[in-house]
Amino acid sequence: MKVISLILCFSASFIAAFASTPAVRKLAYKIGALDIPDHKRHIHTKTTPLIGGLAIFFGFLIGLILFYRPFDVQARGIFIASLLIIAAGIIDDTVVLKPKIKLLVQIVCALIVYFHGIKITYISVPNFMVEGGVLPLKWMSLPITLIWIVGVTNAVNLIDGLDGLAAGVSSIATFSLFFI
């Protein structure tokens, strides 16, 4: 993908996420996906909508639809897993899912991505006792990939206690990976 296409993709995704935020906010109030401060654990003083990830998903979806051609097996896996995880997130924000159910959904999503061809197959370990500084994972590819995806998913979920923190940290990580 050329640099101009990447910039256009980012711009379209950003605009879609930004533009859909007010509608997602209204939806959150309509379906009761709200964080009501209890003055014990919450630092905010006003009721706060919880499903902001849906706006980010819309931005992702626009970027995927408009700029990812051809829509291959890997893109399909990411799309299916993302759809499932966003659905679970919305359900969790309205009726609160048990941790075991959330973990199961995350594992299923990681398996979907893995079996659609996105997997960690080796680890780069420069100056280590492996040929070429690359350690092939072989049969360990599946557990390492699952642990990584579930771990990152939970890391982002756990930092989502402050309004906008997860989105901010994820944006910084995205920019870093983009430039790498």
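For the structure itself, look to the data block above.
All of these numbers come straight from a predicted model, not from anything done at the bench. (Residues numbered from 1 in each chain as written. Predicted model: local features only at pLDDT ≥ 70, side-chain atom pairs only at ≥ 80, totals over all residues. Heavy atoms only, no water.)

Caption draft 1: The packing of aromatic side chains, seen in detail. Evaluated as defined, the whole model comprises five aromatic pairs. Seen in terms of ring centroids, Phe-10 and Phe-14 are 6.1 Å apart; in terms of plane orientation they differ by 25 degrees. Their pairing is stacked. Here Phe-10 and its partner Phe-14 are both found in helix H1 (residues 3-31), four residues apart, which amounts to about one turn of the helix. With a relative accessible area of 42%, Phe-10 lands in the partly exposed category. (Phe/Tyr/Trp six-rings, centres within 6.5 Å; stacked < 30°, edge-to-face > 60°. Helix = DSSP H or I, 4+ residues; strand = E, 2+ residues; numbered from the N terminus. Buried < 20%, exposed > 50% of the residue type's maximum accessible area, 1.4 Å probe, protein only.)

Caption draft 2: Molecular detail of the side chain of Ser-82. Following the sequence through the fold, Ser-82 ends up in helix H3 (residues 73-95). You can call Ser-82 buried: its relative accessible area is 17%. A distance of 2.7 Å separates the side chain of Ser-82 from the backbone oxygen of Ile-78, its partner in a polar contact. Other than its neighbours up to four places away in sequence, Ser-82 contacts Phe-57 and Phe-60. (Polar contact = N/O pair within 3.5 Å; in protein donor to acceptor, adjacent residues only side chain to side chain. Contact = heavy atoms within 4.5 Å.)

Caption draft 3: Structural detail: the side chain of Gln-106. Relative to the helices and strands, Gln-106 is located in helix H4 (residues 99-115). The contacts of Gln-106, once residues within four sequence positions are left out, are Ile-85, Val-150, Thr-153 and Asn-154.

Caption draft 4: Region of the structure containing a nonpolar patch on the surface. Residues Phe-10, Phe-14, Ile-15, Phe-18, Phe-175, Phe-178 and Phe-179 make up a contiguous nonpolar surface patch of about 820 Å² in total accessible area. Looking at the nonpolar patch, the elements that each hand over two or more residues are H1 and helix H6 (165-179). In terms of residue count, H1 provides more of the nonpolar patch than any other element does, four residues in total. By secondary structure assignment, the location of Ile-15 is in helix H1. The exposed category is assigned to Ile-15, whose relative accessible area is 55%. (Patch = residues over 30% accessible without salt bridge, like charges linked within 9 Å, V, L, I, M, F, W, Y side chains within 5 Å. Areas by Shrake-Rupley, 256 points an atom, 1.4 Å probe, with all protein chains shown as cover. Salt bridge = Lys/Arg side-chain N within 4 Å of Asp/Glu carboxyl O.)

Caption draft 5: Here's a closer look at helix H5 (residues 141-158). End to end, H5 covers 25 Å across 18 residues, agreeing with the expected 26 Å (1.5 Å per residue, within 8%). Three or more residues of H5 are buried, namely Ser-141, Thr-145, Leu-146 and Val-150. The buried side chains of H5 occupy one side of the element, clustering within an arc of 140 degrees when seen end-on. Across H5 from its buried face, at more than 90 degrees, point the exposed residues Ile-147, Trp-148 and Leu-158. (Expected span 1.5 Å × (residues − 1). Arc of directions from axis to C-beta.)

Note that all results are geometric; they support no functional claim without further evidence.
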